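Chain residues, written in single-letter form:
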Amino acid sequence: MGNERMVFWDFDGTLAVREGSWPTILREAVLAADPTQTLDVDKLAIELRGGFPQWGPQGMGAYSRASDWWAAASPVLVDACLSVGVDPALTRHAMAELPSLYYRPTAWQILPGAREALQTVSRAGSSNVVLSNHAPELPGLVDALGFGPLVMRTITSASLGVEKPDSVMFKTALHLVGAARDSWMIGDNPVADIAGARGVGMRAVLVHRSDGPVSAITLADAAAHVVAEEAAGAR
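Owing to the predicted nature of the structure, the values given are computational and were not obtained by experimental measurement.

So, on to the packing of aromatic side chains. Under the defined criterion, the tally for this structure stands at five aromatic pairs. Centre to centre, the rings of Phe11 and Trp108 are 5.5 Å apart; their planes meet at 50°, and the pair counts as tilted. Of the two residues, Phe11 is situated in the loop between strand S1 (7-9) and strand S2 (16-18) and Trp108 in strand S3 (residues 108-110); the sequence distance between them amounts to 97 residues. When sorted by exposure, Phe11 lands in the same class as Trp108, which is buried. Aromatic side chains Tyr102 and Trp108 sit 5.6 Å apart centroid to centroid with 90° between the ring planes, which places their arrangement in the edge-to-face category. Taking relative accessible area as the criterion, Trp108 reaches 6% and is therefore assigned buried. Members of the aromatic cluster, connected to one another through ring pairs, are Phe11, Trp22, Tyr102, Tyr103 and Trp108.

So, in structure tokens, the structure goes:
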């Protein structure tokens, strides 16, 4: 374990968000394979009510090829398509389209202050690391959205075979980049990001949501807080 304190950032919902829910994204994939199809998004939503995706669920390992990971991770999407009457062959084509559609950069919106917050941390001399429950393609999206020069590394649950808030994901990420145990985690999920990080001794800041009696803070405020705390600790 290294001695450098780094700042780990959640991605989806913290730095950027994607347009559309999983039912609409699945419909988009089917239509990309066959524009003549008619799909009811509400029916797809009913079929997906059990939840998808669960990046790196228990029992899911890390795969050397992204396509293998998607094949193992997306059976619920296949079942949803088949349940609403999509032909099996068309469903296979839709699944092949899904990764590129989901990670299409133009479908993602960078949240206000995200780039500036990363810059604040970098200018203060600390390293930024993206740590997210996501599929194997996330590092490419991080670069495509212009975050690449500001981010030392992007680590996904798909690459580790485990997801936040599991302590293994945080401990492994800290080890991979040589970060100190009391590094920072910034995210929008009070369980996956905040509780998970604090559970292994990291310091954590919740953004975009209120934290009990504390009002929601912005990415800019979070970055400024981290930099101020690090400066005070260095004195």
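From this point, the narrative continues.
Further remarks concern the environment of Leu141. Tracing the chain through its elements places Leu141 in helix H7 (residues 138-144). On the basis of relative accessibility, which here comes to 2%, the residue Leu141 falls in the buried class. For Leu141 and Glu97, which are 44 residues apart along the polypeptide, the C-alpha to C-alpha distance reads 16 Å. Excluding anything up to four places from it in sequence, Leu141 contacts Phe11, Tyr103, Pro105 and Trp108.

So, about helix H5 (residues 88-102). Helix length check: H5 (15 residues) gives 21 Å between terminal C-alpha atoms against 21 Å at 1.5 Å per residue, within 8%. Roughly 30° is the biggest bend found in H5, and it falls at Ala96, with proline Pro99 one to four residues downstream. Its side-chain oxygen placed 2.8 Å from the backbone nitrogen of Ala89, Asp87 serves as the N-cap of H5.

Here is what the cut-offs are and how they apply
- Residues numbered from 1 in each chain as written.
- Predicted model: local features only at pLDDT ≥ 70, side-chain atom pairs only at ≥ 80, totals over all residues.
- Heavy atoms only, no water.
- Phe/Tyr/Trp six-rings, centres within 6.5 Å; stacked < 30°, edge-to-face > 60°.
- Helix = DSSP H or I, 4+ residues; strand = E, 2+ residues; numbered from the N terminus.
- Buried < 20%, exposed > 50% of the residue type's maximum accessible area, 1.4 Å probe, protein only.
- Contact = heavy atoms within 4.5 Å.
- Expected span 1.5 Å × (residues − 1).
- Bend = angle between axes of the 7 residues up to and from the residue.
- Polar contact = N/O pair within 3.5 Å; in protein donor to acceptor, adjacent residues only side chain to side chain.

Keep in mind these values describe shape, not function.
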